[in-house]
Amino acid sequence: MKRFRPGIVPTLVVALLLPMLVSLGFWQLSRGAEKSALLHSYAERRTAEPMASTELLHTDDPAFRRVQIHGQFDAAHSLLLDNRQRDGKVGVELLQPFQDQATGLWLLVNRGWLPWPDRRTPPQFTTPTQALSLDAWVYVSPGATFQLHADPSTATWPQLITAVEPAKLWTALDRDGFAYELRAEAGPASYQADWPVVAMGPEKHIAYAVQWFAMSIALFGLYLYLGWHNAKEKHHGSGHESTQHV
C-alpha cells in the first residue's frame, strides 16, 4: 500500500509558507472591509450639513465631517505636500495655517493641488489677505504615511514635506492647533480640490486576497503532488528490487 512521502524539506517549507500566505489573504480581506466602512462613513458625512467650528473640538469622531470656518490664512508658513499627481501630472498640495475667528483655534487647511512641472522654479500660488468663510472637511488618515526619511526641520518657508503632521507644525510655531488636516471644498480660495479618500480601494484588497489564497492552494497542491509522487516512485522502486531478487 502506497504511503504519503512528501519529504522533510517540502514539509518544512509548507509549514512555514502556508500559514503566512493564508494570514496575508485574511489580512487583505480585513483591510478591504475597513476601507468599505471608511468609504461608507465618508459618503454619509460628506452629504451632511457643515457644523459650526465651535462644535469641532467637541466631536469624538471628526473624520470626514464638514465644518464652516471663518478667519484668515497665514501666508508666511505654507507647506507644500510633494509628489501629488493629477491626471498624470506632477504637483503639490498647498496647506496653510488658518486661524478661525470663532474659536481662536489654528487649523491646517489644504487648499488643493497645483502643478509643479519645473523643479527649478518654486510652485506659484497666491494667498487671500482678507478674512473669508470656507467650507471644509476633516481628513483623518486611515494609516501612517510611509516615508523613507522624516521631513527635515528647516526655517525656510514654504516648506516641502512628504507627510502632513499638524502637531509637528503647531509645536514648531508654538500655537494651539487642531490635530487633523482640513481639506477645503471647491471655492474662490481653493485650487484643484479633489482627493481620493483612500489610495487603494476595497476591491484591490479583495483581489490581493484572492491572489494570496490562490498561492496557498497552489503550494498545498504541489505539496500533495510531491508527496504522492515520491510514494509512487518508492513503490515502483521496491517492486523492481523484489523482481530482481527473485
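Everything numeric here is computed off the predicted structure, so don't read it as measured data.

Novice: I tried to follow the overall build of the chain on my own but got confused; where do I start?
Specialist: The secondary structure content of the chain amounts to four helices and eight strands. Sequence-distant contacts, at least 24 apart, represent 69% of the contacts inside the chain between residues at least 6 apart.

Novice: Would you mind showing me how to read the packing of aromatic side chains here?
Specialist: Describing an aromatic ring pair means giving the distance of the ring centres and the angle of the ring planes. Here the structure, examined in full by the defined rule, presents six aromatic pairs. Aromatic ring contacts, followed pair by pair, group Phe64, Trp137 and Tyr139 into a single cluster. Positioned above the aromatic ring of Phe73 is the side chain of Arg111, whose terminal nitrogen or guanidinium carbon lies 5.2 Å from the ring centre. Across the ring face of Trp106, the terminal group of Arg175 is positioned such that the distance to the ring centre comes to 4.0 Å.

Novice: Quick question: what am I supposed to make of the nonpolar core here?
Specialist: Judged by nonpolar contacts, the single largest core of 25 residues is most densely connected at Ile69, Phe98, Leu107, Val109 and Leu182. Among the secondary structure elements, those contributing two or more residues to this core are helix 1 (8–46), strand 2 (66–73), strand 5 (106–115), strand 6 (132–139) and strand 8 (177–184). Counting residues per element, this core draws most heavily on strand 6, at six residues. In this structure, Leu81, Leu108, Ile161 and Trp170 belong to the second largest nonpolar core, which totals nine residues.

Novice: When you look at helix 1 in this model, what are you seeing that I'm missing?
Specialist: Each α-helix winds once per 3.6 residues, and so residues spaced three or four apart point in a common direction. For helix 1, built from 39 residues, the straight-helix expectation of 57 Å at 1.5 Å per residue is met to within 8% by its first-to-last C-alpha distance of 57 Å. Looking at helix 1, one finds that the buried residues are Val14, Leu18, Leu21, Gly25, Gln28, Gly32, Lys35, Leu38, Ser41, Tyr42 and Arg45.

Novice: Honestly, the confidence of the model for the chain in this entry has me stumped. Any pointers?
Specialist: Predicted coordinates in areas of low pLDDT are best not read in detail. Confidence in the prediction of the chain, expressed as mean pLDDT, is 85, and 87% of residues score 70 or more. For the chain, helix 4 (residues 202–245) is the element with the lowest average pLDDT, namely 73, and strand 5 is the one with the highest, namely 97. In the model, residues 240–246 has pLDDT below 50 throughout and makes zero contacts with residues more than four positions away in sequence or in other chains.

Novice: Sorry, what's going on with the UniProt feature "transmembrane region" (unreviewed entry) in the chain here?
Specialist: Those residues carrying the UniProt feature "transmembrane region" (unreviewed entry) are residues 206–226 in this numbering. A helix fraction of 100% and a strand fraction of 0% characterise residues 206–226, whose end C-alpha atoms lie 30 Å from each other.

Novice: Explanation requested: the pattern of salt bridges in the structure shown.
Specialist: Two side chains that carry opposite charge are able to pair once their charged atoms sit near each other. Per the stated rule, a full pass over the model turns up nine salt bridges. Here Arg66 ties to Asp135 by a salt bridge, and the two come within 4.0 Å at their closest N and O atoms. Here the residue Arg66 occupies a position in strand 2, and Asp135 occupies one in strand 6, the gap between them amounting to 69 residues. Its relative accessible area of 15% is what places Arg66 among the buried residues. The partner of Asp118 in a salt bridge is Arg120, with the nearest N and O atoms 3.0 Å apart. In the salt-bridge network here, residues are joined through shared partners; they are Arg66, Asp135 and Glu185.

Novice: How should unusual backbone geometry be read in this particular structure?
Specialist: Peptide bonds are mostly trans, and most non-glycine residues show a negative phi. Going from Trp157 to Pro158, the amide bond is cis rather than trans, its omega being -5 degrees. In this fold, Pro158 is placed in the loop between strand 6 and strand 7 (159–161). We note that Asp87 has phi near 55 degrees; this positive angle belongs to a residue other than glycine. On the secondary structure map, Asp87 appears in the loop between strand 3 (79–86) and strand 4 (89–100). Overall, the relative accessible area of 75% leaves Asp87 in the exposed class. Positive phi values are uncommon outside glycine, yet Asp174 reaches one of about 55 degrees. Assignment of secondary structure puts Asp174 in the loop between helix 3 (166–173) and strand 8. We classify Asp174 as exposed; its relative accessible area is 72%.

Quick notes on the rules
Residues numbered from 1 in each chain as written. Predicted model: local features only at pLDDT ≥ 70, side-chain atom pairs only at ≥ 80, totals over all residues. Heavy atoms only, no water. Helix = DSSP H or I, 4+ residues; strand = E, 2+ residues; numbered from the N terminus. Contact = heavy atoms within 4.5 Å. Phe/Tyr/Trp six-rings, centres within 6.5 Å; stacked < 30°, edge-to-face > 60°. Lys NZ or Arg CZ within 6 Å of the ring centre and 35° of its normal. Core = buried A, V, L, I, M, F, W, Y, C linked by side-chain atoms within 4.5 Å. Buried < 20%, exposed > 50% of the residue type's maximum accessible area, 1.4 Å probe, protein only. Expected span 1.5 Å × (residues − 1). pLDDT = per-residue confidence, 0-100. UniProt positions renumbered as here; feature names shortened; annotations may be inferred. Salt bridge = Lys/Arg side-chain N within 4 Å of Asp/Glu carboxyl O.

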